[in-house]
Structure formats: structure tokens, C-alpha cells
Amino acid sequence: MAFIELKDITRAYQVGGDKLVVLKGINLQIEEGEFVAIMGPSGSGKSTLMQILGLLDRPTSGKYFLFGRDVSRLTDDEGAALRSKTIGFIFQMFNLLSRTSAMDNVILPMIYAGASNREARGRELLETVGLSDRMSHKPNELSGGQQQRVAIARALVNSPRVIFADEPTGNLASDQAADILRQLKLMNRAGITVIMVTHEPDIAAHARRIIHIKDGQIVSDEVNEQFHETDAAPSVGGGTAVLSAPKTALPAQFKLQHGGLNAAEMSEYWASALRAIAANKVRSALSMLGILIGVAAVIAMLAIGKGAQKAIEARISSLGSNLVMIFPFSQAAFHGGTGSYSRLTLQDLDDLSRVSPHIAAVDGELRGTVQAVYKDKNASTQAQGDLPAYADMYADVPYYGRFFTEAENDSIASVAVLGQTVVNELFGKENPVGKTIKLNRVAFKVIGILPPKGSSGWRDQDDVIIVPLKTAMMRLGFTAWGSGNSRGRYLDTISLECDSPGSIGSVMKSVETFLRARHHLPSFQADDFTVRNMADIQAALTGTTKTFTLLLGIVAAISLLVGGIGIMNIMLVSVSERTREIGLRKAVGAARRAILIQFLLESAVLSTLGGVIGITLGVGFSLALSHFAGWAAIVQPQAVLMAFVFSAGVGVLFGFWPARKASLLSPIEALRYE
Ligand code: ADP
Ligand code: MG
């Protein structure tokens, strides 16, 4: 059987509703080592025939035997494997990968074939085609003739047994065309079968055998009388030794599966992903933006949330768990809804301290804001009135100076204990204790400095001044929540300290009974006050944290979705822009899987890059917040890791469809794509 044998090959295209028959029963035999020109007018089916011969396309009917085996119905990947090892292509448009050096273009088929010693082989072939001084030039830095010579080197790199050249000189000036023809003759002399398509008689005249086709049928097939062996005298390079590399053995079967992914393949995909991203910097940056912003926001919010939670937890655990707090509004209002309010008075405070024998200490509190002035410095800050018991109950005993006494509260003394932030703002390095400051124009003597507590995420707990409760009511004229302008009569909260954790329940019961009676609440009405212990408050805060985390999760999911869609969109654009590139890669032997992985890697790189920049920004923002705004922000390593994994995952997930689309493109459709 002949080297190449076609039997009644037809090829029909479906155009609109009509069937266009382009090849109408081609019968042809070509022996190994021939140099054949296929001639015919434009549109006669030359390229279609050559694509079938080159296993880029399948015939509609008929049989094709290559090396004596039926190859009419190979799968995509079988075709790719066979092309990669036995067939080389040269196209009219050169079809080199732009932005890629001559050397990398030449060795591309070796990567898909899993061949080793690529650089050496590439250099050898580039020298043979006379481009030893142009190896690192990119296609746009080469002339047309030079580009075609790179394409010839690429076609030869895997030592093919047959070369298909479709109008190889169609885009070249005549002197360059002559050079390309010399190269083709040279490789034919080395034993490689050359099949060249052309519509120009003087080009075809260089072949030994000329086949004319017209309207999809062979009209003549003759030996070229003018062919002179001497024309093929080598004019460039080092002769034919390089070309006539030992013939690959005929494959036993066409299941020429590619081996496992090798490092060279991965590094080619990696380089190609980076080239594609670098070639469209603005577009890539914009498509990353969604993921970037989402990841940055989630990282920063998680850090702030975690910081706040830690600060609150630390504060609560320092208070001791035996505290019971009473608020003058209903549970509904406590949880932020609308609900009834009531009043807490100094009389209530006094009576509540005796409501149970298990009460160890009592504090009443009233808050307000004050303008604090010392010399030329002034600060607007939180002030609160408390009873002397506050210091121990709330673990807030001054570390310098002292807290105020019962007597000072009873005499409405103008004494104040300052938080760390207020000290810094008003006094700097000066010792504040013993100095007089003005709070809302009233003179106060500073008697102590509170221990620093840090920030709770939303507010600076050291930005505070504590004065005796009665002083706050009478001299500073603070008013309680919801009590309008009835100054000096009501309290914000009352706190009780129980003598043991076991008595908390009974104390809370007694408090409720007492206040319901005092407020004359009939049994069908709910409490117009709220009694809470620290465990309740801690649970409420944990609940808030959970809600916060859930919300963050939703925000993260939405932003990753939006980011993923952005990336999918850009990958679809990229696939359609690079259709020719995909076709070329497949023609030189890339399997479906290779194209799939290449594009998946590109979208994963894109989204991971977005994720990494987002993480950097998010962490930077959190650190800046803790540093400049005094907010506690804690960046957790697992949050960073999760953001990284998710952003990479988004790239793979949303890149899959575009990558699959690319991998399913047929090589000729891709090559014909304009
Ligand atoms: P040429 O001899 O110029 O290389 P081709 O083989 O490229 O001709 O094309 C032969 C004919 O087939 C032309 O008329 C062309 O319009 C048609 N043709 C080629 N490819 C397709 C296709 N994918 N769909 C429909 N018609 C096609
Ligand atoms: Mg053509």
C-alpha cells in the first residue's frame, strides 16, 4: 500500500440550509519521498484537501490510509498525537505565536510531543534555515521570509515524515519565495515527503509531480518534466544531515496518547498565561478588580470584626461574671426595636441594694459628653458618673492617684478620674493628678488615672472621664436615655454585684419582682425594664458576631461571584481573540487537555493575582486602621489562606467554560478564523 492513499474522498459543508460539496470523490496515491504540488484555481478545494491529508479535518465520506492504516475517523486527540509526531505544517500566514521568540515558536511542537533537548534541537534547525542570529526575535521583529523560515523550522522540529505547505510563498516577495522553495527542496532531498498547495504555475514548477484539481476533482496528475535535481543544491545552513533525523517507527496503533503532564508543558502554559495577561495589562487589571475589591473588603472587615470581638471579650472577662445590669427600657428596645421605656432613680438604686441579701455591691451610672479644658488644650470626650463601688466592680481601679469616695459623692465634689487618652490629649507629659481641669466650664480636680483598656473596635475605651454619680447629675446636668430635659433625676443603668455565681438567678428574680411592683405593671404587661447578667450579654455579643460573620460570608460570596463573572467574560474574549493561536497549537500537536489546562491556568492566574492584591490591600487597610484610627484589627492567617484558596478556585471554576470552549475548537475552524 502507498504511503498516502485516498479513496473516493468527499467533503461537504453545510452552508445555510444548502449542502456545498467541495471535494467530489478524490482518488490519490503518494509515495514516501515525493515532492508533490497541488494546483488549481482559488476555491477549487486545495486547502480542504490538504487539511484532510494533514488530519486537521475529516472527510465526509471515503477512506484515507496513512502509512497503510485507516485514519479517516480518528478522534481529535488521536489526530493531534499523530500530527505531533509525523506531520509538519507550513501555512500561508506563517501562524507564528506573536509575542513569542523564534526559538520558543520552533520548539512548541516538541513541548506537546514531550520531547527533550529542545533548545539544542531548536538552535540546530534555526541555524539550518539561516536564522542563527534571530533566535530571540519575536515575529513582529522579523521579515515575512524570516517568519516563514521560522515556521519551516517549527514544521521540522519533531522530524516529521511528511510536510504540508499551503501556499507557503503566497505572502512573500519573489526572492524570499525562492528561498523558501529551496528549503522545501532541501528537506525533500533529506527524504521527507513534501506536499505543497499553490495556485501559481511557476511555484508548482519546482515540484517533481503536479496534480491539478478543479471544482473538487482531480483533472490531471503528471510528472514535472522541468524538475532538475540540481535546483535543490543547498544554499544555506549546514546541509541535509539535520533534517534526515532517524525516522520515527510507524506507530503500532493510533492511540498515541500523550504521556502525563510534564514540567515543560506546565512551564509553557505558565509562560503563555503570563504573556497573555501582560499583553493586555489594563484589561487584565480591570477584570481582576471585582475579585480584588471583594477579597480586600472581606479581609479588612473580618480583621476589624475579630479585633472588636477580642476587645469586648477581654473587657467582659475582666469584669467578673457576677454582675447583673438593669436597663430602663424593655427587652424589645434593648434589642434595638421600639419598646417601652421606664425610669431608674437614685431611690431605686438605694432600694435595689437591699432587695436581696446576696447583693455585694451596687453602682448607678449616667453618661454624657463633655468638653474638657486644661490650659490651652481641650478635648471632647465621654464622661460618666458612677458610685465608688464602680472601680472594683468593673476592674477599673486607678493605677496612679485614687478613685473618689462615698463622702465625695455625697458632697457632690468636683473630682475626676481620667482615662489614658484624655490624659494624653490634655496633659501630654505633665502629671495630671492634683491639677484642675474644666468640664463643661465647671472646675474639677483630677485625682486619678484609669488603667489603659485599648479600643473595642468602635470606640476608644480610654477616651473617658469618671466623676461621682451625684456630681454628674447635679453639676454636669447629664440626662438619662429617653428622659428628655429632666436633668439630674434619672440613671442610665444600675449594676449589682452578686456574692456568688449561684445567687445570680435569685437576685435577678428579686429585681424583676421589685421593679414590676414599683412600676405598677399589671401581670398582662411585659417588663418596661431589662435585667441582664454578664453571661446573657456575652451570649448576645456572640450572636451579633455570628450574624456579622454570616453577613460577611454573603458579601464574600457575592463579590467572588461578581469577580468570577468578570473573569469568565474576559476569558471568553481571550479565547475568541486567540482562536487562530488555538488552531495553530492544535495543528502542531496540542491535545484537548493541553488547551484546556492552558486556559484554566490563565484564568486561575488572573483571579489568584486579583486575590493576592486584594489580600495585600485588605491587610494593609486593617493595619492602617489599627495604627491611625486606633481600631483593634486582627488579621487571621486562616482568613488570608481562605481568601487565597477561594480566589484561585473562582478562576478555575469560572474559567472552565471558556477553557472548554477553546479546547473543543476544531483546528481548521480555528485556523480559518478571521
Ligand atoms: P482553495 O482551493 O482556494 O484552497 P478551499 O479548499 O479553501 O479552496 O475552499 C474550497 C471551497 O470550499 C470554497 O468555495 C470555500 O468557500 C468552501 N469552504 C471552505 N471552507 C468552508 C467552510 N468551513 N464552510 C463552508 N464552505 C467552505
Ligand atoms: Mg486555499
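Predicted model only: the values in this text are computed from it and were never measured.

**With respect to the environment of Ser 411**
No. 1: Relative to the helices and strands, Ser 411 resides in the loop between α13 (406-410) and β15 (415-418).
No. 2: Look at Ser 411 and you get partly exposed, because its relative accessible area is 48%.
No. 3: Sequence separation of Ser 411 and Lys 185 is 226 residues, and the distance between their C-alpha atoms is 116 Å.
No. 4: Separated by 3.3 Å, the side chain of Ser 411 and the backbone oxygen of Glu 408 make a polar contact.

**Thoughts on the packing of aromatic side chains**
No. 1: One pass over the structure, following the stated rule, counts eight aromatic pairs.
No. 2: Their ring planes at 15° and their centres at 5.7 Å tell us that Phe 89 and Phe 91 sit as a pair that is stacked. Each member of the pair, Phe 89 as well as Phe 91, is classed as buried.
No. 3: Taken together, Tyr 390, Tyr 394, Phe 403 and Phe 404 form an aromatic cluster joined through their ring pairs.
No. 4: When the ring centre of Trp 657 is taken as origin, the NZ or CZ atom of Lys 661, which lies over that ring, is 5.9 Å away.

**With respect to the sheet that holds strand β10 (residues 217-223)**
Pairing between the strands of a sheet comes from backbone hydrogen bonds, and it takes one of two forms, parallel or antiparallel.
No. 1: Pairing is mixed in the open sheet, where six strands are placed in the order β6-β7-β8-β3-β9-β10. Both outer strands of the open sheet, β6 (87-90) and β10, are each paired with one neighbouring strand and no more. For this sheet, the mean inter-axis angle between neighbouring strands, taken without regard to orientation, is 15°.
No. 2: Note: β6 against strand β7 (residues 162-166), four bridges, orientation parallel. For Gly 88, the partnering residue across the bridge sits in β7 and is Ile 163.

**Describing the pairing of strand β1 (residues 4-15)**
The side chains of a regular strand alternate between both faces of the sheet.
No. 1: Where β1 meets strand β4 (residues 61-66), five bridges bridge the pair, whose relative direction is antiparallel. Looking at β4, one finds that Lys 7 is bridged to Lys 63.
No. 2: Looking at chain direction, β1 and strand β2 (residues 18-30) are connected through ten bridges and run antiparallel. Looking at β2, one finds that Ile 9 is bridged to Ile 26.

**Remarks on the side chain of Thr 579**
No. 1: With respect to the helices, strands and loops of the structure, Thr 579 is situated in helix α18 (residues 579-587).
No. 2: Excluding residues within four positions of it along the chain, Thr 579 makes contact with Leu 665, Ala 670 and Tyr 673.

**Things to note about the environment of Ala 151**
No. 1: Examined against the element boundaries, Ala 151 turns out to sit in helix α5 (residues 144-156).
No. 2: The exposure class of Ala 151 is buried, given its relative accessible area of 0%.
No. 3: Placed 367 residues apart in sequence, Ala 151 and Arg 518 show a C-alpha to C-alpha distance of 98 Å.

**A short note on helix α2 (residues 76-86)**
No. 1: Taking burial as the measure, the eleven residues of α2 include eight buried ones, the bulk of the element.
No. 2: For α2, the full list of buried residues reads Glu 78, Gly 79, Ala 80, Ala 81, Leu 82, Arg 83, Ser 84 and Thr 86.
No. 3: Looking at the buried side of α2, the elements it contacts are β4, β6, α3 (102-113), β7, α18 and α21 (667-672).

**A few points about the site of ligand 1**
No. 1: Taken together, 13 residues surround ligand 1, and among them Gly 43, Gly 45, Lys 46, Ser 47 and Thr 48 come closest.
No. 2: A distance of 3.0 Å separates an oxygen atom of ligand 1 from a polar backbone atom of Gly 45.
No. 3: Contact distances for ligand 1 include 2.9 Å between an oxygen atom and a backbone N or O atom of Lys 46.
No. 4: Relative to its unbound accessible area of 560 Å², ligand 1 is 68% covered by the protein chains.
No. 5: Those elements giving two or more residues to the shell around ligand 1 turn out to be β1, β2 and α1 (46-53).
No. 6: The greatest single-element share of the shell around ligand 1, amounting to three residues, is contributed by α1.
No. 7: By residue class, the composition of the shell around ligand 1 is five nonpolar, six polar and two charged.

**Concerning the nonpolar core**
No. 1: Ile 4, Tyr 64, Leu 66 and Phe 164 are the most contacted members of the largest nonpolar core, which totals 68 residues.
No. 2: Per-element tally for this core: the top contributor is helix α19 (residues 592-629), with ten residues.

**Quick word on the sheet that holds β4**
No. 1: Read across the sheet, four strands follow the order β2-β1-β4-β5 without closing on themselves; strand pairing throughout is antiparallel. The sheet is open, and its two borders are formed by β2 and β5 (69-70), each paired with just one other strand.
No. 2: Note: β4 against β5, two bridges, orientation antiparallel. Of the residues in β5, the one forming a bridge with Leu 66 is Arg 69.
No. 3: Across the face of the sheet, α1 comes into contact with β1, β2 and β4 while running at roughly 120° to β1.

**Concerning helix α14 (residues 420-427)**
No. 1: Among the eight residues in α14, six count as buried, and that is most of the element.
No. 2: Regarding α14, the residues found buried are Gln 420, Thr 421, Val 422, Val 423, Leu 426 and Phe 427.
No. 3: Here the buried face of α14 lies against β12 (359-374), β13 (377-386), β15, β16 (436-439), β17 (442-449) and β18 (464-468).
No. 4: Once α14 finishes, Gly 428 follows within two positions and takes phi at roughly 60°, a positive value.

**Section: a nonpolar patch on the surface**
No. 1: Residues Val 612, Leu 641, Met 642, Phe 644, Val 645 and Phe 646 make up a contiguous nonpolar surface patch of roughly 570 Å² in combined accessible area.
No. 2: Of all the elements, helix α20 (residues 637-664) adds the most residues to the nonpolar patch, at five residues.
No. 3: Position of Val 612 among the secondary structure elements: in helix α19.
No. 4: The exposure class assigned to Val 612 is partly exposed, which follows from its relative accessible area of 34%.

**Let's talk about the domain arrangement of the chain**
No. 1: For the chain, the assigned domains read domain 1 (31-61 + 75-247), domain 2 (277-312 + 541-672) and domain 3 (329-528).
No. 2: Once you take the C-alpha centre of each, domain 2 and domain 3 turn out to be 49 Å apart.

**Things to note about the packing of helix α4 (residues 118-128) against α5**
No. 1: Contact geometry of α4 with α5 gives a least axis separation of 9 Å together with a crossing angle of 135°. Taken as axis vectors, α4 and α5 run oblique relative to one another. When the axes of α4 and α5 are compared, the crossing they make is right-handed. Here α4 contributes Arg 121, Leu 125 and Leu 126 to the contact with α5, which in turn contributes Val 150, Ala 153 and Leu 156.
No. 2: Tallied by class, residues from the contact of α4 with α5 come to five nonpolar, no polar and one charged.

**Quick look at the pairing of strand β20 (residues 530-533)**
No. 1: What you see with β20 is no split at all: Thr 530 and Arg 532 on one side and Val 531 and Asn 533 on the other are buried throughout.
No. 2: Relative to β20, strand β11 (residues 323-327) runs antiparallel, the two being bridged by four bridges. In the sheet register, Met 325 faces β20, and the bridge partner there is Arg 532.

**Overview of the confidence of the model for the chain**
No. 1: Per-residue confidence for the chain averages 87 on the pLDDT scale, and 93% of its residues sit at or above 70.
No. 2: Predicted confidence for residues 232-240 stays below pLDDT 50, and this span has 16 contacts to residues more than four positions away or in other chains.
No. 3: This stretch, residues 248-257, has a pLDDT under 50; its non-local contacts, to residues over four places away or in other chains, come to 20 contacts.

Thresholds applied
Every chain is numbered independently, its residues counted from 1 as its sequence is written. Key to labels: chains lettered from A, ligands numbered from 1, both in the order written. Only residues with pLDDT of at least 70 get local features here, since the model is predicted, and only at 80 or more are side-chain atom pairs given and counted; chain-wide, interface and lining totals rely on the full set of residues. Calculated side-chain values reflect all of the structure's heavy atoms, with hydrogen atoms and water omitted. Helical segments are the DSSP runs of H or I of at least four residues, strand segments are the runs of E of at least two, and each set is numbered from the N terminus. Think of it in three bands: with a 1.4 Å probe and only protein chains considered, a residue is buried below 20% of the maximum accessible area for its type, exposed above 50%, and partly exposed in between. In the analysis that follows, any N or O atom pair within 3.5 Å is treated as a polar contact, provided that within protein one partner can donate a hydrogen and the other can accept it, and provided that, for residues neighboring in sequence, both atoms belong to side chains. Only centres within 6.5 Å qualify two rings of Phe, Tyr or Trp (six-membered ring in Trp) as a pair; their planes then separate them into stacked at under 30 degrees, edge-to-face at over 60, and tilted for everything else. Distance and angle both matter: a charge sits over a ring if NZ of Lys or CZ of Arg is within 6 Å of the ring centre and within 35 degrees of the ring normal. Strands were regarded as paired on the criterion that DSSP finds at least two bridges between them. The convention used is that axes are lines fitted to C-alpha atoms, helices contributing only their stretch in contact, and that angles between N-to-C directions extend from 0 to 180 degrees. The criterion used for residue contact is that any of the two residues' heavy atoms lie within 4.5 Å. Proximity criterion: a residue is near a molecule or strand once any of its heavy atoms comes within 4 Å of it. Per-residue accessibility takes into account occlusion by the displayed protein chains alone, with areas from the Shrake-Rupley method and a 1.4 Å probe. Side-chain classes follow a simple rule in which Ala, Val, Leu, Ile, Met, Phe, Trp, Tyr, Cys and Pro form the nonpolar group, Asp, Glu, Lys and Arg form the charged group, and the remainder, Gly included, forms the polar group. In plain words, nonpolar cores are sets of buried Ala, Val, Leu, Ile, Met, Phe, Trp, Tyr and Cys residues tied together by side-chain atoms within 4.5 Å. Residues form patches when they are more than 30% accessible in relative terms and have no salt bridge. Like charges link within 9 Å. Nonpolar side chains (Val, Leu, Ile, Met, Phe, Trp, Tyr) link within 5 Å. Salt bridge, as used here: a side-chain nitrogen of Lys or Arg that lies within 4 Å of a carboxyl oxygen of Asp or Glu. In this entry, domain limits derive from an automatic or database-based domain assignment. Our angle categories are set so that under 35 degrees counts as roughly parallel, over 145 as roughly antiparallel, 65 to 115 as roughly perpendicular, and the remainder as oblique. Each helix crossing is assigned a hand: it is left-handed if the near helix lies turned anticlockwise from the far helix by less than a right angle, otherwise right-handed if that turn is clockwise. Per-residue confidence from the prediction method is given by pLDDT, with values spanning 0 to 100.

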